[in-house]
Amino acid sequence: MIIRLTVYESKKYNKVEIIINCPEVDHQLGRLIDQINQMGITLTGTKDDKIYSLVPEHVYYIESIDNQTFIYEEKEVYRSQMKLYEFEQLVKDTPFTRISKNLIVNTTHIASVRALLNGKFEASLSNDEKVIVNRHYVKTFRKKFLS
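Residues numbered from 1 in each chain as written. Predicted model: local features only at pLDDT ≥ 70, side-chain atom pairs only at ≥ 80, totals over all residues. Heavy atoms only, no water.

Visitor: Explain the packing of aromatic side chains to me, please; I cannot follow it from the model alone.
Guide: The geometry of an aromatic ring pair is captured by two quantities: the separation of the ring centres and the angle between the planes. A full pass over the atoms with the stated rule returns four aromatic pairs. Ring plane angle 80° and centroid distance 6.4 Å describe the contact between Phe121 and Phe141, whose orientation is recorded as edge-to-face. Of this pair, Phe121 sits in strand 9 (residues 121-125) while Phe141 sits in helix 3 (residues 138-146), and the two are 20 residues apart along the sequence. Note on accessibility: Phe121 and Phe141 belong to one class, buried. An aromatic cluster of at least three residues, connected via ring pairs, comprises Phe121, Phe141 and Phe145. (Phe/Tyr/Trp six-rings, centres within 6.5 Å; stacked < 30°, edge-to-face > 60°. Helix = DSSP H or I, 4+ residues; strand = E, 2+ residues; numbered from the N terminus. Buried < 20%, exposed > 50% of the residue type's maximum accessible area, 1.4 Å probe, protein only.)

Printed below as a string of structure tokens:
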């Protein structure tokens, strides 16, 4: 598929609008749409009694442990007041996907995946961490990761 990009810049516009005209949304275009959707999300996390604005592309995964939610970047961990289901709604239509009852992963940071004997998957992230994709979430994970 050949993609032609046209940008119209003018002071008469007060917002940015992206319109995609295509015969069908294929794998490549679907990933581009997910990335554009991700750009409109704002995440905040706290660390050392300071509040930080986090860039969604830098987030590897979001995990809930003992009713507390944590946001993981490559080397930093932040705490959030949001619940995991709230994050799930916020990041729908982005490269993020839920892989277990307590974890949402950013599929752009997955380096490799291997099947385990019990129907689960093990995903290796680009920072060498490993996360488990629960059987219940394998179908949606495969769709998001392979698309």
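Visitor: Hey, could you run me through unusual backbone geometry in this one?
Guide: With glycine set apart, most residues show a phi of negative sign, and most peptide bonds adopt trans. Positive phi is not limited to glycine here, since Asp48 has a value of about 55°. Here Asp48 shows up in the loop between strand 1 (43-47) and strand 2 (50-54). What makes Asp48 exposed here is its relative accessible area of 62%. One non-glycine residue with positive phi stands out, namely Asp128, at about 75°. Positionally, Asp128 belongs in the loop between strand 9 and strand 10 (130-133).

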